[in-house]
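# Structure assessment
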Amino acid sequence: MAHPVWYQSILLISFFASVLGLFCLYNHPTIRQEDLDETQWMLFAMSFAYWIVHCLAAALQNWINPDWSIVLLSLKFTAVVSGMLTFSCALSLPLNQMAIKEQVE
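What you are looking at is a predicted structure, and each value in this text was computed from that prediction instead of being measured. (Residues numbered from 1 in each chain as written. Predicted model: local features only at pLDDT ≥ 70, side-chain atom pairs only at ≥ 80, totals over all residues. Heavy atoms only, no water.)

## A few points about the packing of aromatic side chains
Just so we agree on the cut-off: Two rings from Phe, Tyr or Trp (for Trp, the six-membered ring) form a pair when their centres sit within 6.5 Å of each other. Planes less than 30 degrees apart are called stacked, planes more than 60 degrees apart edge-to-face, and all others tilted. Numbering goes from the N terminus for both helices and strands, where a helix is a DSSP run of H or I of at least four residues and a strand is a run of E of at least two. Burial status follows relative accessibility: with a 1.4 Å probe on protein chains alone, a residue under 20% of its type maximum counts as buried, one over 50% as exposed, and anything between as partly exposed.
Going through the model one piece at a time under the given rule, you end up with 3 aromatic pairs. Residues Phe44 and Phe48 carry aromatic rings whose centres are separated by 6.4 Å and whose planes lie at 25 degrees to one another, so their mutual orientation is stacked. One end of the pair is Phe44 and the other is Phe48, both in helix α3 (residues 38–63) and 4 residues apart, which spans about a single turn. With a relative accessible area of 29%, Phe44 lands in the partly exposed category.

Encoded structure:
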């Protein structure tokens, strides 16, 4: 299935944004120590990493020869699973915030 050019552009931009976000998470000292607790930091790191895997799997689907059906199928499964993992990490962030507020009160 051929995707429009705008989809590929958004995927490329989001890939570089995720790489930048992961780089900032690992290299910015105040984010790790003051701004986020360990669970929030880990959820952010996992969501960025899973989205990078999703972007790579989605981009490689266009480059792989269509005759290699098993490789294409595994890339599609990888893209779907990493997309669902990204969504679950993004959904867990506000749930974690609510749980922290519940414990404080």
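Here the narrative resumes, following the displayed structure.
## Quick look at the layout of surface pockets
Keep this limit in mind: Only protein atoms enter the 1 Å grid, on which a cavity is a set of points fitting a 1.4 Å probe that cannot get out and a pocket is an open set with protein on both sides within 12 Å along at least 5 of 7 lines, lining residues being those with an atom within 4 Å of a point. Grid points are joined across faces, edges and corners, and a volume is the space filled by probe spheres set on the points. Just so you know the grouping, Ala, Val, Leu, Ile, Met, Phe, Trp, Tyr, Cys and Pro go in nonpolar, Asp, Glu, Lys and Arg go in charged, and all remaining residues, Gly too, go in polar.
When its volume is computed, the largest pocket comes out at roughly 240 Å³. Lining the largest pocket, in full, are Gln8, Leu11, Leu12, Phe15, Cys55, Leu56, Ala59, Leu60, Asn62 and Trp63. Elements with a minimum of two residues in the lining of the largest pocket: α1 (5–27) and α3. At 6 residues, the largest contribution of residues to the lining of the largest pocket is made by α3. A class-by-class count of the residues in the lining of the largest pocket yields 8 nonpolar, 2 polar and no charged.

## As for the environment of Phe44
We apply this condition: Whether two residues touch is decided by their heavy atoms; if any such pair falls within 4.5 Å, the residues are in contact.
Considered as a pair, Phe44 and Thr86 are 42 residues apart in the sequence and their alpha carbons are 9.5 Å apart. Discounting residues that sit within four places of it in the chain, Phe44 has contacts with Leu25, Leu36 and Leu93.

## Re the packing of α1 against α3
To keep things clear, this is the line we draw: Structural elements are reduced to axes, namely lines fitted to C-alpha atoms, with helices fitted over the stretch in contact, and the angle between N-to-C directions of any two is expressed from 0 to 180 degrees. Handedness of a crossing follows from how the near helix is turned relative to the far one, being left-handed for an anticlockwise turn of less than a right angle and right-handed for a clockwise one.
Two elements in contact, α1 and α3, have axes whose closest approach is 9 Å; the angle formed by their N-to-C orientations is 150 degrees. Both α1 and α3 take part in a crossing whose hand is left-handed. Along the contact surface, α1 presents Tyr7, Gln8, Leu11, Ser14, Phe15, Ser18, Val19, Gly21, Leu22, Leu25 and Tyr26, while α3 presents Trp41, Phe44, Ala45, Phe48, Trp51, Ile52, His54, Cys55, Leu56, Ala58, Ala59 and Asn62. Grouping the amino acids of the contact of α1 with α3 by side-chain chemistry returns 17 nonpolar, 6 polar and no charged.

## Side note on the side chain of His54
Within the element layout of this structure, His54 appears in helix α3. The residues touching His54, leaving out its near neighbours within four places in the chain, are Tyr7, Leu11, Ala79, Ser82 and Gly83.

## As for a nonpolar patch on the surface
Worth spelling out the cut-off: Residues enter patches when they are more than 30% accessible in relative terms and free of salt bridges; like-charged ones are connected within 9 Å and nonpolar ones (Val, Leu, Ile, Met, Phe, Trp, Tyr) within 5 Å. Accessible areas in this description were obtained via Shrake-Rupley with a 1.4 Å probe; residue shielding takes into account the shown protein chains only. One side-chain nitrogen of Lys or Arg within 4 Å of one carboxyl oxygen of Asp or Glu is enough to make a salt bridge.
Residues Val80, Val81, Met84 and Leu85 make up a contiguous nonpolar surface patch of about 340 Å² in total accessible area. Considering the arrangement of structural elements, one finds Met84 in helix α4 (residues 69–104). On the basis of relative accessibility, which here comes to 51%, the residue Met84 falls in the exposed class.

## Section: the nonpolar core
The condition is simple: Nonpolar cores were defined as sets of buried Ala, Val, Leu, Ile, Met, Phe, Trp, Tyr and Cys residues, with membership established by side-chain atoms within 4.5 Å.
Of all hydrophobic cores here, the largest spans 10 residues; its members are Leu11, Phe15, Leu22, Leu25, Leu36, Trp41, Ala45, Ile52, Cys55 and Ala58. Of all the secondary structure elements, the ones that give two or more residues to this core are α1 and α3. The element contributing the most residues to this core is α3, with 5 residues. Residues in contact with Cys55, not counting those within four places in the same chain, are Leu11, Ser14 and Phe15. Ala57, Ile64, Leu75 and Ala79 belong to the second largest nonpolar core, which has 5 residues in total.

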